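If you want the building blocks of each chain, they are given just below.
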Amino acid sequence: MRVRRFGASIIGLVCASIFWLLANVIVSQLGEWLSISMNKYVEQIGSLWLMFLLMGLTIFIISRSARHEQLKIWNQMSDTIKRIAAGDFSAKIQSDSKDMKNSRHPVTKLVNQINHLAVELNEMEKIKQEFISNVSHEFQTPLTSLKGFAHLLKNPDISEENRIYYLSIIEAETMRLSKMSENLLKLTALEQQVEPIEKARFSLDKQLRRIILLCEPHWTEKNIEIDLDTSPVNIDGDEGLLNQVWTNIIHNAIKFTKEGGVIAVQVKQAPAHVIVEIKDDGIGMTEDQVQRVFERFYKADKSRNAGGSGLGLSIVQKIIELHEGQVEVESDYGKGTLFRVKLPKVD
Ligand SMILES: Nc1ncnc2c1ncn2[C@@H]1O[C@H](COP(=O)(O)OP(=O)(O)O)[C@@H](O)[C@H]1O
Ligand SMILES: [Mg+2]
């Protein structure tokens with residue numbers, strides 16, 4: 001900063017000297033042309049006045065053009081902000097002004113921040129649009145089937161057997177719709193949660209045991225064996241939310257494991273964490289699928305997953321995040337999957 005100020009003073013001095021010389025030349029030339037003999041004192045005073053006049057004129061011209069340049073940027077900024085406010089996030093301030101070449105200039109910083117804001121808002125808008133289109137798509141499928149089967153039921157000649165079959169599909173699709181909207185509401189509520197969750201101490205091993213028992217009809221139906229390996233362990237957390245985590249992961253494990261498979265639930269202790277591992281020997285996932293499992297609405301293999309909405313693991317991830325924990329997945333396509341949840345250990 002000091003070096004710049006020193007440089008500016010030198011330039012100012014050089015300019016003043018040039019103007020002084022110029023004013024001197026003009027005044028002496030004027031004296032010659034008009035054949036006036038001026039004494040030294042008058043010549044000096046005249047030159048001084050002329051020097052100030054020339055300097056003033058130059059500063060006036062330069063500042064006018066600089067103001068014009070600045071006004072152009074301010075107008076561009078105000079137009080861009082108006083466009084952004086109106087929802088046009090492709091708006092961008094493009095200026096070739098000299099000030100803009102200096103990245104430390106306050107105007108450049110402001111322009112860059114406005115451009116960055118537009119890019120961020122554009123990204124958010126894209127995510128929102130994608131979300132809306134996913135929601136509509138997910139709701140459309142069961143609605144189409146409801147419409148189709150309701151139409152078939154209007155036929156008075158259908159057999160009793162078919163009638164029951166169509167009604168059972170309608171019932172299942174209605175349940176699917178209801179589950180999906182419930183999950184969507186849950187995820188939205190979790191994402192809007194700004195305050196830390198209320199934690200209480202409870203027994204994790206008892207919670208896991210209870211959930212496994214509650215899922216029993218599902219795993220016994222597929223002849224699946226569930227092994228639980230845990231010693232008594234307490235954690236601090238929201239019991240209801242963590243209930244949802246284990247239920248979602250265990251339901252997935254049952255859903256994606258073949259008849260006669262094995263699911264192992266193991267609780268381990270690390271220096272700072274309690275680790276819960278849920279491992280199945282089911283269909284597994286490819287590397288690409290593993291990368292995307294936590295995305296909203298993502299279903300790795302739609303043909304093998306009737307009934308899911310792809311929201312379960314997004315909810316899991318959000319809940320674990322609210323508990324300051326981590327969730328990881330390891331999977332081997334065709335061999336099985338392991339979900340690892342790390343939660344902070346109690347003091
Ligand atoms: N244990 C698992 N084994 C294989 N694939 C799984 C497993 N858990 C989750 N997935 C994959 O991740 C996707 C997303 O899971 P999730 O968010 O729970 O949605 P949903 O169960 O509703 O399909 C599933 O559709 C499935 O393809
Ligand atoms: Mg699921």
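Residues numbered from 1 in each chain as written. Chains lettered and ligands numbered in written order. Predicted model: local features only at pLDDT ≥ 70, side-chain atom pairs only at ≥ 80, totals over all residues. Heavy atoms only, no water.

- By the naming in an unreviewed UniProt entry, the protein chain goes by histidine kinase and is assigned to Bacillus gobiensis.
- Per UniProt, the protein chain has the following entry under Catalytic activity (unreviewed entry): "ATP + protein L-histidine = ADP + protein N-phospho-L-histidine."
- Per its UniProt entry, the protein chain bears the Subcellular location (unreviewed entry) comment "Cell membrane". (UniProt positions renumbered as here; feature names shortened; annotations may be inferred.)

## Some words on the packing of helix α3 (residues 106-153) against helix α4 (residues 160-192)
- Two elements in contact, α3 and α4, have axes separated by 9 Å at closest approach and are oriented at 160 degrees. Here α3 is positioned roughly antiparallel relative to α4, judged by the angle of their axes. Of the two elements, α3 crosses α4, and the hand of that crossing is left-handed.
- Partitioning the contact of α3 with α4 into residue classes produces 17 nonpolar, 4 polar and 4 charged. (Axes fitted to C-alpha atoms, helices over the stretch in contact; angles between N-to-C directions. Helix = DSSP H or I, 4+ residues; strand = E, 2+ residues; numbered from the N terminus. Parallel < 35°, antiparallel > 145°, perpendicular 65-115°, else oblique. Left-handed = near helix turned anticlockwise from the far one by under 90°. Nonpolar A, V, L, I, M, F, W, Y, C, P; charged D, E, K, R; others polar.)

## Side note on the domain arrangement of the protein chain
- What the domain assignment reports for the protein chain is domain 1 (2-86), domain 2 (132-192) and domain 3 (200-344).
- Summarising the inter-unit geometry, the C-alpha centres of domain 1 and domain 3 are found 76 Å apart. (Domains from an automatic or database assignment.)

## So, the packing of helix α7 (residues 239-255) against helix α9 (residues 312-322)
- One way to put it is that α7 packs onto α9 with a least axis distance of 9 Å and a crossing angle of 145 degrees. In this structure, α7 meets α9 at a crossing whose hand is left-handed. Where α7 approaches α9, its residues Leu241, Leu242, Gln244, Val245, Asn248, Ile249 and Asn252 are matched on the opposing element by Gly312, Leu313, Ile315, Val316, Ile319 and Ile320.
- Residue classes in the contact of α7 with α9 are distributed as 9 nonpolar, 4 polar and no charged. (Contact = heavy atoms within 4.5 Å.)

## Examining the environment of Ser17
- Among the secondary structure elements, Ser17 is positioned in helix α1 (residues 2-33).
- The class for Ser17 is partly exposed, based on a relative accessible area of 39%.
- Taking C-alpha positions, Ser17 is 96 Å from Glu259, a pair spaced 242 residues apart along the chain. (Buried < 20%, exposed > 50% of the residue type's maximum accessible area, 1.4 Å probe, protein only.)

## So, the layout of surface pockets
- By volume, the second largest pocket is sized at about 390 Å³.
- Contributing to the lining of the second largest pocket are 14 residues, with Glu130, Asn134, Glu295, Arg296 and Phe297 lying nearest its centre.
- No other element matches the 6 residues that α3 contributes to the lining of the second largest pocket.
- Looking at the lining of the second largest pocket, you find at least three residues from each of domain 2 (132-192) and domain 3 (200-344). (1 Å grid on protein atoms, 1.4 Å probe; cavity = no way out; pocket = protein on both sides within 12 Å on 5 of 7 lines; lining within 4 Å. Points joined across faces, edges and corners; volume = space filled by probe spheres on them.)

## Remarks on the pattern of salt bridges
- On inspection of all chains with the given rule, the structure shows 20 salt bridges.
- Of the charged contacts in the structure, one is a salt bridge between Asp205 and Arg209, with a shortest N-O distance of 3.8 Å. With Asp205 and Arg209 both in helix α5 (residues 204-214) and 4 residues apart, the pair spans about one turn of that helix.
- Residue classification places Arg209 among the partly exposed positions, given a relative accessible area of 43%.
- Through salt bridges with shared partners, a single ionic network connects Lys268, Glu277, Glu328, Glu330, Arg340 and Lys342. (Salt bridge = Lys/Arg side-chain N within 4 Å of Asp/Glu carboxyl O.)

## Regarding the UniProt feature "transmembrane region" (unreviewed entry) in the protein chain
- The positions UniProt marks with the feature "transmembrane region" (unreviewed entry) are residues 7-27 and 47-66.
- When the span residues 7-27 is considered, its composition is 100% helix and 0% strand, and the gap between its end C-alpha atoms is 30 Å.
- The span residues 47-66 is 100% helical and 0% strand by assignment, and the distance between its end C-alpha atoms comes to 28 Å.

## Structural notes on the sheet that holds strand β4 (residues 262-269)
- Read across the open sheet, the 5 strands follow the order β2-β4-β5-β7-β6; overall the sheet is mixed. Across the chains shown, the open sheet's two edge strands, defined by having one partner strand only, are β2 (225-229) and β6 (326-332). This sheet shows a mean twist of 10 degrees between the axes of neighbouring strands, independent of strand direction.
- Here strand β5 (residues 273-280) runs beside strand β7 (residues 336-344); their pairing, made up of 8 bridges, is antiparallel. Bridging from a neighbouring strand, Val276 pairs with Val341 of β7.
- Most of the contacts of α7 go to β5, to which it runs at about 25 degrees, and overall it touches β2, β4, β5 and β7. (Pairing = 2+ DSSP bridges.)

## A look at the packing of aromatic side chains
- With the rule as written, the count across this model stands at 3 aromatic pairs.
- Summarising the aromatic geometry, the rings of Phe131 and Phe297 are spaced 5.8 Å apart at their centres and angled 45 degrees between planes, so their arrangement reads as tilted. Taken together, the residues span a long stretch of sequence, with Phe131 in helix α3 and Phe297 in the loop between α8 (287-292) and α9 at a distance of 166 residues.
- Taking relative accessible area as the criterion, Phe297 reaches 7% and is therefore assigned buried.
- Their ring planes at 45 degrees and their centres at 5.4 Å tell us that Phe149 and Tyr166 sit as a pair that is tilted. Of the two residues, Phe149 is situated in helix α3 and Tyr166 in helix α4; the sequence distance between them amounts to 17 residues. For the pair Phe149 and Tyr166, one class covers both residues: buried.
- Just above the ring of Phe131 sits the side chain of Arg296; from NZ or CZ to the centre is 4.5 Å. (Phe/Tyr/Trp six-rings, centres within 6.5 Å; stacked < 30°, edge-to-face > 60°. Lys NZ or Arg CZ within 6 Å of the ring centre and 35° of its normal.)

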